Amino acid sequence: MAEKRYPRCAHCTTRLCENRGGQASDGPPTLEKAPVFCPMKLMPDIYGLALAEYDKPPVKEFARLASVQEFQCYERLPDGLRTKLPRIEELIQFARKCGYHRLGLAHCGGLAYEAGLLTEVLENNGFEVVSVQCKTGAVPKERIGVSAEEKIAGPEAWETMCNPIVQAMIINRSKVDMAIMLGLCIGHDTLFIKYCKVPLTVLAVKDRVLGHNPLAALYAGETYYKRLRKKIE
Ligand code: SF4
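These figures come from a predicted structure and were not determined experimentally.

About the thresholds
- Residues numbered from 1 in each chain as written.
- Predicted model: local features only at pLDDT ≥ 70, side-chain atom pairs only at ≥ 80, totals over all residues.
- Heavy atoms only, no water.
- Helix = DSSP H or I, 4+ residues; strand = E, 2+ residues; numbered from the N terminus.
- Rg over C-alpha atoms; globule rule 2.2 N^0.38 Å.
- Buried < 20%, exposed > 50% of the residue type's maximum accessible area, 1.4 Å probe, protein only.
- Contact = heavy atoms within 4.5 Å.
- Areas by Shrake-Rupley, 256 points an atom, 1.4 Å probe, with all protein chains shown as cover.
- Lys, Arg positive; Asp, Glu negative; His and termini not counted.
- Charge placed at Lys NZ, Arg CZ, Asp CG, Glu CD.
- Axes fitted to C-alpha atoms, helices over the stretch in contact; angles between N-to-C directions.
- Parallel < 35°, antiparallel > 145°, perpendicular 65-115°, else oblique.
- Left-handed = near helix turned anticlockwise from the far one by under 90°.
- Nonpolar A, V, L, I, M, F, W, Y, C, P; charged D, E, K, R; others polar.
- Core = buried A, V, L, I, M, F, W, Y, C linked by side-chain atoms within 4.5 Å.
- Salt bridge = Lys/Arg side-chain N within 4 Å of Asp/Glu carboxyl O.
- Patch = residues over 30% accessible without salt bridge, like charges linked within 9 Å, V, L, I, M, F, W, Y side chains within 5 Å.

Draft legend 1. Structural detail: the overall build of the chain. In terms of regular secondary structure, the chain is built from eight helices and six strands. In the chain, the succession of helices and strands from N to C terminus is α-α-α-β-β-α-β-α-β-α-β-α-β-α. Taking 2.2 N^0.38 as the reference for a compact globule, 233 residues should give roughly 17 Å; the C-alpha atoms of the chain span a radius of gyration of 22 Å, well beyond that estimate. Projecting the C-alpha coordinates of the chain onto the three principal axes gives extents of approximately 65 × 55 × 40 Å. The 233 residues of the chain split such that 30% are buried. The contacts of the chain with a sequence gap of at least 6 include a subset with a gap of at least 24, amounting to 53%. Carbon together with sulfur atoms contributes 58% to the accessible area of the chain, which is approximately 16100 Å² in total. Of the charged side chains in the chain, 32 are positive and 27 negative; the average position of the first set lies 3 Å away from that of the second.

As structure tokens, this is what we get:
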């Protein structure tokens, strides 16, 4: 069978790039033991291009602050490292580090309750929050070609389409420092990301079944979600 010659880090058993146990003074690891599908072997030129981007001062500073934030998510105890910050606190700390004041929240109508809670937390921490829910505009689903039979509430019901493009446009126009995505559907999130022109982070993605924690299906992949791992013939 032909070897699959494209980057496949998820199949790597070496994870040599992490250089665990290495000392800063030793420099980077050699690539001899990296797998043939390692991007460091397949696309060696691309790393210089990326580093040139980091050399742009605002990008470098942003990347530095993100790594400092990562560092601060752990506490160093006598028995080892321990995690200490849920993502909401990371978000608050990182936004402060970046000097952000005005945040844009793009949320799903199905997570209006969570959007309210998050807004309260952010406002209590001194941020101004511009929020836009997905149904804004009240455009019927028929406008994008959804058929009567494909409406969730039934063929006769009015059903407002999710409108991630306008969510992005409103957030762009509101001159926020950073946008936060909360629970947008698959595909709607893709469109939001495509049209959003400000720095964007994700607090949570939608999973209607697993309490917005899609990884739960992987963690239960040996038991309740075994079907997911079955190879399709
Ligand atoms: S970059 Fe190379 S060594 Fe690192 S995980 Fe990917 S395949 Fe493995």
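Still more ground to cover, so stick around.
Draft legend 2. Highlighting the packing of helix α4 (residues 87-97) against helix α5 (residues 112-124). Where α4 contacts α5, the two axes come as close as 11 Å, and the packing angle between them is 40 degrees. Classed by the angle they form, the pair α4 and α5 counts as oblique. Here α4 and α5 pass one another in a crossing that is right-handed. In contact with I88, L91 and I92 of α4, α5 contributes L118, V121 and L122. Residue composition of the contact of α4 with α5, grouped by class: six nonpolar, no polar and no charged.

Draft legend 3. A look at the nonpolar core. By size, the foremost hydrophobic cluster in this structure holds 34 residues, and its most contacted members are L103, L105, L122, I171, I180, L182 and F192. If one sorts the elements of this core by residue count, strand β5 (residues 178-182) sits on top with five residues. Other than its neighbours up to four places away in sequence, F192 contacts A106, P164, Q167, A168, I171, A179, M181, L184 and L200.

Draft legend 4. Structural context of the packing of helix α6 (residues 164-173) against helix α7 (residues 188-195). Packing of α6 against α7 brings their axes to within 8 Å, and their N-to-C directions diverge by 35 degrees. The two elements α6 and α7 cross, and the hand of that crossing is right-handed. Contacts from P164, I165, Q167, A168, I171 and N172 of α6 reach α7 at H188, L191, F192 and Y195. When grouped by side-chain class, the residues that make up the contact of α6 with α7 number seven nonpolar, three polar and no charged.

Draft legend 5. Broad picture of the pattern of salt bridges. Applying the stated criterion across every chain, the model contains nine salt bridges. For K56, the salt bridge goes to E53, with nearest N and O atoms at 2.9 Å. A residue is classified by how much of its surface remains accessible, and E53, at 39% relative accessible area, is partly exposed. In this structure, R82 and D79 form a salt bridge, with 3.6 Å as the shortest nitrogen-oxygen distance. Of the residues examined, R82 reaches a relative accessible area of 43% and is grouped as partly exposed. Residue D79 is classed as exposed on the basis of its relative accessible area, which comes to 63%. Overlapping salt bridges, with partners in common, bring together R15, E18 and R20 in one network.

Draft legend 6. Inspection of unusual backbone geometry at higher detail. One non-glycine residue, N19, lies in positive phi territory at about 50 degrees. Checked against the element boundaries, N19 lands in the segment before α1 (39-42). Backbone geometry at K175 places phi at a positive 55 degrees, although glycine is not the residue there. With respect to the helices and strands, K175 occurs in the loop between α6 and β5.

Draft legend 7. A nonpolar patch on the surface, seen in detail. On the surface, M43, I46, Y47 and L49 cluster together into a nonpolar patch covering about 360 Å² of accessible area. In this structure, Y47 sits in helix α2 (residues 46-54). The class of Y47 is partly exposed, set by a relative accessible area of 36%.

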